[in-house]
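Observations on the model geometry
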Amino acid sequence: MRRLSCAAAAAALGVLGYRLVATGELTLDTGIGRRVRPLGPLSVTIAAPRDTVFDVIAAPYLDRTPRAMAAELEVLERGGDMVVAAHRTPIGWGMVTTTVESVRFVRPAAVSFRLLRGPVPHVVEQFALAEVSGGTRLDYTGELATDFGSPGARWGEVVARRWVSTVTGSLERIRVEAERRAAVGRGR
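Presented here is a report on the structure given in the accompanying data block. Just so it is clear, the structure is predicted and the values come from calculations on it, not from any experiment. (Residues numbered from 1 in each chain as written. Predicted model: local features only at pLDDT ≥ 70, side-chain atom pairs only at ≥ 80, totals over all residues. Heavy atoms only, no water.)

1. Structural notes on the overall build of the protein chain
- Scanning the protein chain for helices and strands turns up three helices and seven strands.
- By its C-alpha atoms, the protein chain is 75 × 30 × 25 Å across when sized along the principal axes.
- Once local pairs closer than 6 in sequence are excluded, the contacts in the protein chain between residues at least 24 apart make up 55%.
- With an accessible surface of roughly 10600 Å², the protein chain has 58% of that area assigned to carbon and sulfur atoms.
- Placing the 25 positive and 19 negative side-chain charges of the protein chain at their respective mean positions leaves the two points 6 Å apart. (Helix = DSSP H or I, 4+ residues; strand = E, 2+ residues; numbered from the N terminus. Contact = heavy atoms within 4.5 Å. Areas by Shrake-Rupley, 256 points an atom, 1.4 Å probe, with all protein chains shown as cover. Lys, Arg positive; Asp, Glu negative; His and termini not counted. Charge placed at Lys NZ, Arg CZ, Asp CG, Glu CD.)

Structure, rendered in structure tokens:
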């Protein structure tokens, strides 16, 4: 009986640990056995001027966050060219991961993100905007790191799949909104 209760306690602790790490409530950052992997690159061409694309990306952070985004984005601290923001992403089983990131803006060329708290100890990312014929090319690159060698690297693969999927959705929303704004501007 004692063995069974020890196994049950270990399983409960494992589930609790998973929930805390997966939701970003507990970030394990030891540097032991650190493994780094790329995120992206992803690229999308947008039929809109670079300034318009930059404004679409920056507005929820530097201006007032739209009510429609309030459930997924909360700006915790706002400065002139940098914010600290909490991003919330549903991850399944009724759980939501919360990442806290610094976001730096270099108008109109780049938006950079650095993870401060989340399900892994290290993520840096960048949206780079380049003028191209007919609009703007938005390039996404980044890196994600985990600790604890091979087991951490497997966790990193799980997190990276969700992370890249979330970024891919964001790129599509940016493209749609920037092209909508550009079409409205051309219609005037």
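2. Some words on a nonpolar patch on the surface
- A cluster of nonpolar side chains, contributed by L26, L28, I32 and F148, occupies part of the molecular surface with about 360 Å² of accessible area.
- Its place among the elements puts I32 in the loop between α1 (2-22) and β1 (35-46). (Patch = residues over 30% accessible without salt bridge, like charges linked within 9 Å, V, L, I, M, F, W, Y side chains within 5 Å. Salt bridge = Lys/Arg side-chain N within 4 Å of Asp/Glu carboxyl O.)

3. So, the side chain of T97
- Structurally, T97 can be placed in strand β4 (residues 95-106).
- Apart from the residues within four sequence positions on either side, T97 is in contact with A22, T23, G24, H87, R88, T89, I91 and P119.

4. Focus on unusual backbone geometry
- Residue P41 follows G40 across a cis peptide bond; omega there is 10°.
- Positive phi is not limited to glycine here, since W93 has a value of about 50°.
- Turning to its location among the elements, W93 is positioned in the loop between β3 (82-92) and β4.
- Of the residues examined, W93 reaches a relative accessible area of 74% and is grouped as exposed.
- A positive phi angle, near 75°, is found at F148, a position not held by glycine.
- Of note, F148 is situated in the loop between β7 (135-146) and α3 (149-187).
- With a relative accessible area of 42%, F148 lands in the partly exposed category. (Buried < 20%, exposed > 50% of the residue type's maximum accessible area, 1.4 Å probe, protein only.)

5. Focus on helix α2 (residues 50-62)
- Its 13 residues give α2 an end-to-end C-alpha distance of 17 Å, which sits within 8% of 18 Å, the value for a rise of 1.5 Å per residue.
- Residue V56 marks the point of greatest curvature in α2, where the axis turns by about 35°; the proline P60 follows within four residues.
- Of all the residues in α2, the buried ones are T52, V53, F54, V56, I57, A58, A59, P60 and Y61. (Expected span 1.5 Å × (residues − 1). Bend = angle between axes of the 7 residues up to and from the residue.)

6. Structural notes on the packing of aromatic side chains
- Counting across every chain of the model gives five aromatic pairs.
- A ring pair is formed by Y61 and F105, whose centres lie 5.8 Å apart and whose planes are at 50°; its orientation type is tilted. Of this pair, Y61 sits in helix α2 while F105 sits in strand β4, and the two are 44 residues apart along the sequence.
- Taking relative accessible area as the criterion, Y61 reaches 9% and is therefore assigned buried. (Phe/Tyr/Trp six-rings, centres within 6.5 Å; stacked < 30°, edge-to-face > 60°.)

7. Comments concerning the pairing of strand β2 (residues 73-78)
- Across five bridges, the pairing between β2 and β3 is antiparallel. Bridging from a neighbouring strand, E74 pairs with A86 of β3.
- Taking the residues that link successive antiparallel strands as the turn, the β2-β3 hairpin has three residues. (Pairing = 2+ DSSP bridges.)

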